[in-house]
Amino acid sequence: MKKTLVILTTLCIGFGASARIAEVSTPEPILKGIETDMYHPILSQDGKQLLFADADYSNLRSYDFASGVVSKIKADKNQAYIAHFDKQGVVALTPSTSVRTKGTSLIINTNGVEKTYSPVECHAGYLWESLSPDGTKVMFVAAGKGVYITDLEGNILAHPGKFESPVWFGNDHIVVQKSTDDGHQYNSSQILLLTLDGSEIQPLTKPESMTFSPAASIQSGKVVFTTIDGHLFQMNVKLD
């Protein structure tokens, strides 16, 4: 019990010194002592199911919050890398048909018509692309430059800042990872909640917590993340 309390203390932050956007609960472990090597979490839109895998994307599994059942999913590492839930909450092992990236191209599919844009000059390419829940905005990371939000025509709407692994929390907020490294290993990593323009930021974990890869569902008011040693945690987040 003492060890668990120490872990939770490290994960939590002192909200008094931070901008408050939401009411946030203390992180709670998921499947602690039952499953190990839990990375790359992905929540279904309704927050009732969770995908996760080993660090190298092997051993893809799903977790049902209501029943507490973990199920193994037959998938190779490439399939696990692109695995996601569709709008019906079914696990999909194929790329999203709405938005994808290829190098420094952002490819957006609108009503079956694909258009290609390059909204940010970036030699290292784009990654972590996603469509907003309402289908009106696209988010991606330009490597080395940070998170960008565009409309469906590739016009930049916002540049919240230099963060990684962004996920939508509704249509007007995102949850991101902010980490530092020395070129070989991480020095710090934390999870943040922010508005789309980055003007309001609320830390959800401390920099020294070494927390990564957020997943979020505004429908369930839930944020899930992993730690550097492969433990999953969840917290309740209710926007003010």
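Residues numbered from 1 in each chain as written. Predicted model: local features only at pLDDT ≥ 70, side-chain atom pairs only at ≥ 80, totals over all residues. Heavy atoms only, no water.

Draft legend 1. How the structure looks around the packing of aromatic side chains. Taken as a whole and judged by the stated rule, the model has 6 aromatic pairs. Ring centres of Phe 140 and Tyr 148 lie 6.0 Å apart, and the angle between their planes is 20°; this geometry places the pair in the stacked category. The exposure class assigned to Phe 140 is buried, which follows from its relative accessible area of 0%. Over the aromatic face of Phe 65 sits the side chain of Lys 222, whose NZ or CZ is 3.5 Å from the ring centroid. (Phe/Tyr/Trp six-rings, centres within 6.5 Å; stacked < 30°, edge-to-face > 60°. Buried < 20%, exposed > 50% of the residue type's maximum accessible area, 1.4 Å probe, protein only. Lys NZ or Arg CZ within 6 Å of the ring centre and 35° of its normal.)

Draft legend 2. Inspection of the pattern of salt bridges at higher detail. Tallying each qualifying case throughout the model produces 6 salt bridges. The closest approach of N and O atoms between Arg 61 and Asp 54, which form a salt bridge, is 2.7 Å. Relative accessible area serves as the criterion here: at 13%, Asp 54 is assigned to the buried category. In this structure, a network of salt bridges that share partners links the residues Glu 35, Asp 54 and Arg 61. (Salt bridge = Lys/Arg side-chain N within 4 Å of Asp/Glu carboxyl O.)

Draft legend 3. Region of the structure containing the sheet that holds strand β11 (residues 113–117). Taken together, 3 strands build an open sheet; the order of strands is β9-β10-β11 and the sheet is antiparallel. If you trace the sheet from one side to the other, it starts and ends with β9 (99–102) and β11, each paired once. The average undirected angle you get between the axes of adjacent strands in this sheet is 25°. Of the strand pairs in this sheet, strand β10 (residues 105–110) and β11 are connected by 5 bridges, and their pairing is antiparallel. Bridging from a neighbouring strand, Ile 107 pairs with Thr 116 of β11. (Pairing = 2+ DSSP bridges. Helix = DSSP H or I, 4+ residues; strand = E, 2+ residues; numbered from the N terminus. Axes fitted to C-alpha atoms, helices over the stretch in contact; angles between N-to-C directions.)

Draft legend 4. Fine view of the nonpolar core. Of all hydrophobic cores here, the largest spans 14 residues; its most connected members are Phe 169, Val 175, Leu 193, Leu 204, Val 223, Met 235 and Val 237. Per-element tally for this core: the top contributor is strand β22 (residues 232–239), with 3 residues. Not counting the four nearest positions on each side in its chain, Phe 169 is found in contact with Ile 174, Val 175, Leu 193, Ala 216, Ser 217, Ile 218, Gly 221, Lys 222, Val 223, Val 237 and Leu 239. In terms of nonpolar packing, the next biggest core, distinct from the first, is built from 12 residues, Met 139, Ala 158, Phe 163 and Ile 174 among them. (Core = buried A, V, L, I, M, F, W, Y, C linked by side-chain atoms within 4.5 Å. Contact = heavy atoms within 4.5 Å.)

Draft legend 5. Expanded view of the sheet that holds strand β5 (residues 61–64). One open sheet accounts for 4 strands, arranged β3-β4-β5-β6; its pairing is antiparallel. This sheet does not close on itself; its edge strands, each paired only once, are β3 (39–43) and β6 (70–72). Neighbour-to-neighbour, the strand axes of this sheet turn through a mean angle of 25°, independent of strand direction. In this sheet, β6 lies alongside β5 in antiparallel orientation, the contact comprising 3 bridges. Counted as the bridge partner of Tyr 63 is Val 70 from β6.

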